[in-house]
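One letter stands for each residue in the lines below.
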Amino acid sequence: MCGICGFIDLKNSNDNASIIRDMNNTLSHRGPDAEGIWSKKDKGIYFGHKRLSILDLSANGSQPFTSSSGRFTIIFNGEIYNFKELKKSVNIDWKSSSDTEVLIESIESIGLDKTLDKAKGMFAFALWDNKKNELTLCRDRIGEKPLYYGLQNNTLFFASELKALKEHPNFKKEIDLNSLSKFFTYGYIPAPFSIYKDINKLLPGTYLKINHDQLLKGEFDNISPTEYWSFNERYHHLKNRSKNLKENEIIDKLDSLIHNSVDMQMISDVPIGVFLSGGIDSSLIASVMQSKSQKPINTFTIGFDNKEHNEAIYAKEISNFLKTNHHELYLSLIHISEPTR
């Protein structure tokens, strides 16, 4: 998990360097390993990034990251699981082993749409195109990674979390009453709305291209997100594929998909683990991970003193069966106990 934030100041004030640092500091919990700031002052655009290092732990993988040609600069939160596959189609002298570099160089090589069609992962990113003077905000297919954006007081804001936006002096902390109504109706605020007026959540499977000239002309309200992936379209496209398959063929296909998915998500330069509740889903993932590891994997579970709501006992049984390196943390109404191993 990383944190990204930024803004475009259409009035191009002089004290923006301190502002982007303040915004970035609110996201330290998302990325404790490194931080970076980038700006293109003649356009009033500023990027901030807090890094949680997973691939290429060196400074070569630090962000904001600029493409080899200098055309694109990106701040990226998430992982591209099939980055090694994407890397094969780009012929450059690589300066890192990070998926961030693969993503930005793929966008430069084959374009945004083709890259998003091929990329598998969870992500939110902001991309500045120095050639077109254009900002692209993008969110992954299912919306695992968050991204907020909006225009207030001649400033375009974007960030992983709302708290970063609140550090900018041009941000208006005005509650959106329509969103408040949705919160009391549904128990949450659905995308594209947020609790603040004029601030939206980018919808899953979409990107938003914002040209600098359009902002200066006051045309932001005419810009709408582009859908690059749809769950419904994908379902209707694939739903008939298994009709003529036998049961054992369906089972083999599902088994292959699960193993391939876990394989891609185990690529890391740091230790990895899995949350284990003792239920079918997490137990299956833990089982597949352990089958692919030569040493015990790390499993984690939260337990409760209230036996009626405690699933930790089942997770422990699965851990014992798989022989994982298990970690438990028990919560109560009074205190948090020390973890056991």
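Residues numbered from 1 in each chain as written. Predicted model: local features only at pLDDT ≥ 70, side-chain atom pairs only at ≥ 80, totals over all residues. Heavy atoms only, no water.

### Here we look at the pairing of strand 3 (residues 45-51)
Item 1. Counting buried positions over the seven residues of strand 3 gives seven, a clear majority of the element.
Item 2. Two elements, strand 1 (residues 3-9) and strand 3, share six bridges in a ladder whose sense is antiparallel. The residue bridging Ile8 from the neighbouring strand is Ile45, located in strand 3.
Item 3. When strand 2 (residues 34-40) meets strand 3, the two strands line up antiparallel, connected through seven bridges. (Buried < 20%, exposed > 50% of the residue type's maximum accessible area, 1.4 Å probe, protein only. Helix = DSSP H or I, 4+ residues; strand = E, 2+ residues; numbered from the N terminus. Pairing = 2+ DSSP bridges.)

### Side note on the packing of helix 9 (residues 247-265) against helix 10 (residues 280-291)
Item 1. Taken N-terminus to C-terminus, the directions of helix 9 and helix 10 make an angle of 70°; their axes are 10 Å apart at the nearest point. The pairing of helix 9 with helix 10 is recorded here as roughly perpendicular in orientation. Where helix 9 crosses over helix 10, the two elements pack in a sense that is right-handed. Together, Ile258, His259 and Val262 of helix 9 and Leu284, Val288, Met289 and Ser291 of helix 10 make up the contact between the two elements.
Item 2. The residue inventory of the contact of helix 9 with helix 10, partitioned by class, reads five nonpolar, two polar and no charged. (Axes fitted to C-alpha atoms, helices over the stretch in contact; angles between N-to-C directions. Parallel < 35°, antiparallel > 145°, perpendicular 65-115°, else oblique. Left-handed = near helix turned anticlockwise from the far one by under 90°. Contact = heavy atoms within 4.5 Å. Nonpolar A, V, L, I, M, F, W, Y, C, P; charged D, E, K, R; others polar.)

### A look at the pairing of strand 6 (residues 121-129)
Regular strands place side chains that alternate from one sheet face to the opposite one.
Item 1. The element strand 6 is extensively covered by neighbouring structure, given that eight of its nine residues are classed as buried.
Item 2. In this sheet, strand 6 lies alongside strand 5 (residues 72-80) in antiparallel orientation, the contact comprising nine bridges. When the sheet's bridge partners are listed, Ile75 is paired in strand 6 with Ala126.
Item 3. Where strand 6 lies against strand 7 (residues 134-139), six bridges are found, and the strand directions are antiparallel. Across the sheet, the residue bridging to Asp129 is Glu134, located in strand 7.
Item 4. The antiparallel hairpin formed by strand 6 and strand 7 contains four residues in its connecting segment, where Asn133 sits at a positive phi of about 50°.

### Overview of the sheet that holds strand 11 (residues 206-211)
Item 1. If you trace the six strands from one edge of the open sheet to the other, you get 4-5-6-7-11-12, paired in antiparallel fashion. For this open sheet the edge positions go to strand 4 (65-66) and strand 12 (226-227), each flanked by a neighbour on one side alone.
Item 2. Running over the sheet, helix 3 (residues 99-110) touches strand 4, strand 5 and strand 6 and is turned about 125° from strand 5.

### Some details on the sheet that holds strand 13 (residues 273-275)
Item 1. The strand order 13-14-15 describes an open sheet built from three strands, whose pairing is parallel. Strands at the two margins of the open sheet, each flanked by one partner only, are strand 13 and strand 15 (325-331). The average undirected angle you get between the axes of adjacent strands in this sheet is 25°.
Item 2. Direction of pairing for strand 14 (residues 298-304) relative to strand 15: parallel, over a ladder of seven bridges. Looking across to strand 15, one finds that Phe300 is bridged to His327.
Item 3. Along the sheet, helix 10 makes contact with strand 13 and strand 14, crossing strand 13 at roughly 165°.
Item 4. Taken strand by strand, helix 11 (residues 312-322) contacts strand 14 and strand 15, and its axis lies near 175° from that of strand 15.

### What about the pattern of salt bridges?
Item 1. Considering all chains together, one arrives at six salt bridges under this definition.
Item 2. Across the salt bridge formed by Lys40 and Asp42, the nearest N and O atoms sit 3.9 Å from each other.
Item 3. The exposure class assigned to Lys40 is partly exposed, which follows from its relative accessible area of 22%.
Item 4. Using a relative accessible area of 54% as the deciding quantity, one classes Asp42 as exposed.
Item 5. Lys197 is paired through a salt bridge with Glu174; the nearest N and O atoms lie 3.7 Å apart. With Lys197 in the loop between helix 6 (177-186) and strand 10 (199-201) and Glu174 in the loop between helix 5 (162-165) and helix 6, this pair connects stretches of sequence that are 23 residues apart. (Salt bridge = Lys/Arg side-chain N within 4 Å of Asp/Glu carboxyl O.)

### Here we look at a nonpolar patch on the surface
Item 1. A contiguous nonpolar patch, built from Ile142, Phe231 and Tyr235 and spanning about 360 Å² of accessible area, is present on the exposed surface.
Item 2. Tracing the backbone shows Tyr235 in helix 8 (residues 231-238). (Patch = residues over 30% accessible without salt bridge, like charges linked within 9 Å, V, L, I, M, F, W, Y side chains within 5 Å. Areas by Shrake-Rupley, 256 points an atom, 1.4 Å probe, with all protein chains shown as cover.)

### Things to note about a positive patch on the surface
Item 1. On the surface, Lys120, Arg234, Arg241 and Lys253 cluster together into a patch of positive charge.
Item 2. Here Lys120 is to be found in the loop between helix 4 (112-118) and strand 6. (Lys, Arg positive; Asp, Glu negative; His and termini not counted. Charge placed at Lys NZ, Arg CZ, Asp CG, Glu CD.)

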